[in-house]
Amino acid sequence: MEETRPLLVERRPDIVEPAAGEYSSSSTTTTTAVLLLATFVTFTGSFDSGCASGYSSAAESGIREDLGLTTAQYSVFASIFTFGAMLGATVSGKIADLIGRRKASVYVAEITPKKIRGGFTAANMLVLCFGVSLMFFMGNVLTWRTMAIIGLVPCFVQSVGMFFIPESPRWLAKIGREKELENTLRRLRGKNADIFSEMAEIKDYTETFEQLSKTSILNLFERRYAHPLTIGVGIMLLQQFGGSNGILYYASSIFEAAGCSASVGTTAMAIIQIPFTALNVILVDKSGRRPLLMVSAAGTCLGNILVGLGFLFQGFQYSSELCAILVLSGILIYMASYSAGMNATPYTLMSEIFPVNIRGSAGSLVIFTNWFTAWIVSYSFNFLFDWSPPGVFFIFAAICGSTILFVAKLVPETKGRSLEEIQASMTHLLQ
């Protein structure tokens, strides 16, 4: 018989706690230099990913002119990034389980205190957004070859920085390196922080799951993991099929088709993304994950509707100015809403909801789903746009609308809860 078993932190004989008053109790909110360095190094990878995501739109006209690419050929080029990421996702989880989390997307969530975890994880997407915006800005003044070279710089910084940051405490607990676990928590929380409660909770939860069984990819589909897996896969499908990569990768073409200046449109996108992504960083630990996702999905739905109406009116030969205004307004509303919630918050959730024994495999499956659907959208967008400009955006709008219902019915609030509390509440453990 299965039952939900709360994972409470008990007094552990193997963890010797200090005398009262020896350490401060601020470990749940402390931000140390080591934590900031580890986060910075991880963020350089996100920044480079943002540069790659923004590159195809910024470089489209130059590449197609210089190389003479057709629409189909450029669709293949623009979608190669997502295809490569999809292949990487198939092995990243197993690698994260074998050699550590420092290169995985769950690393930031595993090293940060719970009260600031959401903000730090969301900041990952803010940095990615800076990368996208940088490419949009540079696309107006630099050649596509120069932008490609600039995109190599953060790769180098991350490769060097990896040698100077600590491993995830939860991974160290998982493989039984207890002394390193204590030392790492001390570095991340500060030498005067009380780490023993957190250490006991991490070890207790990790050992409980390790006692169950070793997991394979097939174990993900057991009934006790159905809830987190449905959330993880579902939210990624909805995020991508809502149009994010189609709009991001082909913004220049969309603006030109609507009669807008591509440089004005992409520059406005670059500017608006940054403050709204920053807003997500601030609000994710204040308002919570669920409200952000639902409000963001509603905004992206509205933005897609406006873009669809703009191209619909263009087809009926209404005022060209009206079409341009509706498309530009719709794209900016979409980007503002997407940046404020649907861009970063799903990744925050993904780093929180999976138990430690399946986190690597589940992370691989979810990221694979994300990049696979991103590849579908980025490759097929031009063909769908040629078929019906208003039709493709109305489809995106319907998917964004369904996201509101999905979040309302299935997604739990994780704000202010430890990873162990979240996962215990969602997973049935066998006694």
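Residues numbered from 1 in each chain as written. Predicted model: local features only at pLDDT ≥ 70, side-chain atom pairs only at ≥ 80, totals over all residues. Heavy atoms only, no water.

## Concerning the overall build of the protein
Per the secondary structure count, the protein includes 19 helices and zero strands. Taking all 431 residues of the protein together, the buried fraction comes to 55%. The long-range share in the protein, meaning contacts at least 24 apart out of those at least 6 apart in sequence, stands at 84%. When the accessible surface of the protein is totalled, it reaches about 18,000 Å², and 66% of it is carbon and sulfur. (Helix = DSSP H or I, 4+ residues; strand = E, 2+ residues; numbered from the N terminus. Buried < 20%, exposed > 50% of the residue type's maximum accessible area, 1.4 Å probe, protein only. Contact = heavy atoms within 4.5 Å. Areas by Shrake-Rupley, 256 points an atom, 1.4 Å probe, with all protein chains shown as cover.)

## Topic: the pattern of salt bridges
This structure, assessed with the given rule, holds seven salt bridges. We note a salt bridge from Arg189 to Glu198, for which the minimum N-O separation is 2.8 Å. When sorted by exposure, Arg189 lands in the same class as Glu198, which is buried. The network of salt bridges with shared partners includes Asp285, Arg289 and Glu352. (Salt bridge = Lys/Arg side-chain N within 4 Å of Asp/Glu carboxyl O.)

## Points about the packing of aromatic side chains
Enumeration over the complete set of coordinates arrives at 17 aromatic pairs. When the ring of Phe81 is compared with that of Trp371, the centres are 5.3 Å apart and the planes differ by 80°; the resulting orientation is edge-to-face. Residue Phe81 is found in helix 2 (residues 71-99), and its partner Trp371 is found in helix 17 (residues 359-387); the two are separated by 290 residues along the sequence. Residues Trp375 and Tyr379 carry aromatic rings whose centres are separated by 6.0 Å and whose planes lie at 15° to one another, so their mutual orientation is stacked. Of the two residues, Trp375 and Tyr379 both sit in helix 17, four residues apart, roughly one turn of that helix. In textbook terms, an aromatic cluster arises when at least three aromatic residues are bridged by ring pairs, as seen for Phe83, Phe368, Phe372, Trp375, Tyr379 and Phe383. (Phe/Tyr/Trp six-rings, centres within 6.5 Å; stacked < 30°, edge-to-face > 60°.)

## What to know about the nonpolar core
Core analysis: the biggest nonpolar cluster contains 76 residues, and Met269, Ile331, Met350 and Phe393 have the highest contact counts within it. For this core, the leading source of residues is helix 15 (residues 320-342), giving ten residues. Setting aside its immediate chain neighbours within four residues, Met269 contacts Phe136, Ile247, Ala251, Phe255, Ile331, Leu332 and Met335. Of all hydrophobic cores here, the second largest spans 14 residues; its members include Leu35, Tyr107, Ile111 and Ile165. (Core = buried A, V, L, I, M, F, W, Y, C linked by side-chain atoms within 4.5 Å.)

## A word on the side chain of Glu198
Mapped onto the elements, Glu198 comes out in helix 9 (residues 196-210). With near-sequence residues (within four places) excluded, Glu198 lies in contact with Leu185 and Arg189.

## Some details on unusual backbone geometry
In this structure, Gln317 takes a positive phi of about 60° despite not being glycine. Exposure remark for Gln317: the relative accessible area of 71% places this residue in the exposed category.

## Topic: the packing of helix 10 (residues 226-241) against helix 17
Taken N-terminus to C-terminus, the directions of helix 10 and helix 17 make an angle of 20°; their axes are 9 Å apart at the nearest point. As judged from the angle between their axes, helix 10 and helix 17 are roughly parallel. The hand of the helix 10/helix 17 crossing is right-handed. Between helix 10, through Leu229, Gly232, Val233, Met236, Leu237, Gln239, Gln240 and Phe241, and helix 17, the contact on the second element is made entirely by Leu365, Val366, Thr369, Asn370, Thr373, Ala374, Ile376 and Val377. When grouped by side-chain class, the residues that make up the contact of helix 10 with helix 17 number ten nonpolar, six polar and no charged. (Axes fitted to C-alpha atoms, helices over the stretch in contact; angles between N-to-C directions. Parallel < 35°, antiparallel > 145°, perpendicular 65-115°, else oblique. Left-handed = near helix turned anticlockwise from the far one by under 90°. Nonpolar A, V, L, I, M, F, W, Y, C, P; charged D, E, K, R; others polar.)

## Quick word on the environment of Pro355
Counting through the fold element by element, Pro355 comes out in the loop between helix 16 (345-353) and helix 17. Sequence separation of Pro355 and Ala424 is 69 residues, and the distance between their C-alpha atoms is 8.0 Å.

## What to know about a nonpolar patch on the surface
On the surface, a cluster of nonpolar side chains totalling about 840 Å² of accessible area is made up of Leu37, Phe40, Val153, Phe156, Val157, Val160, Phe163 and Phe164. Among the secondary structure elements, those contributing two or more residues to the nonpolar patch are helix 1 (33-67) and helix 6 (153-161). With four residues, helix 6 is the single largest residue contributor to the nonpolar patch. Within the fold, Phe164 resides in the loop between helix 6 and helix 7 (169-174). (Patch = residues over 30% accessible without salt bridge, like charges linked within 9 Å, V, L, I, M, F, W, Y side chains within 5 Å.)

## With respect to the environment of Thr369
Looking at where Thr369 falls in the secondary structure, it is placed in helix 17. For the pair formed by Thr369 and Ala89, sequence separation is 280 residues and the distance between their alpha carbons is 8.8 Å. Non-local contacts of Thr369, meaning those with residues more than four positions away in its chain, are made with Val233, Met236 and Leu237.

## Considerations on the confidence of the model for the protein
Mean pLDDT over the protein stands at 83; residues scoring 70 or higher make up 88%. Element-level pLDDT for the protein is lowest in helix 19 (residues 419-426), with a mean of 74, against a maximum mean of 96 in helix 18 (residues 389-410). Of the regions scoring below 50 in pLDDT, residues 1-13 engages in 27 contacts with residues more than four places distant in sequence or in other chains. (pLDDT = per-residue confidence, 0-100.)

## Topic: helix 18
Quick reminder: α-helices carry 3.6 residues per turn. Residues three or four places apart thus point the same way. Between its terminal C-alpha atoms helix 18 stretches 32 Å, which fits the 32 Å expected from 22 residues at 1.5 Å a residue. Taken together, the buried positions of helix 18 are occupied by Pro390, Gly391, Val392, Phe393, Phe396, Ala397, Ile399, Cys400, Thr403, Phe406 and Val407. On the buried face of helix 18, the contacting elements are helix 10, helix 11 (244-249), helix 12 (251-257), helix 14 (289-315), helix 15 and helix 17. Capping the start of helix 18, Ser388 holds a side-chain oxygen 2.9 Å from the backbone nitrogen of Gly391, two or three residues further along. (Expected span 1.5 Å × (residues − 1). Polar contact = N/O pair within 3.5 Å; in protein donor to acceptor, adjacent residues only side chain to side chain.)

## A word on the packing of helix 1 against helix 6
Each packed pair of helices is defined by two parameters, the angle between the axes and the distance between the axes. The interhelical angle for the contact between helix 1 and helix 6, taken along N-to-C directions, is 155°, at an axis separation of 8 Å. In terms of their interaxial angle, helix 1 and helix 6 are classed as roughly antiparallel. As helix 1 packs across helix 6, the resulting crossing turns out to be left-handed. Across the interface between the two elements, Phe40, Val41, Thr42, Thr44, Gly45, Phe47 and Asp48 of helix 1 pack against Pro154, Cys155, Val157, Gln158 and Gly161 of helix 6. When grouped by side-chain class, the residues that make up the contact of helix 1 with helix 6 number six nonpolar, five polar and one charged.

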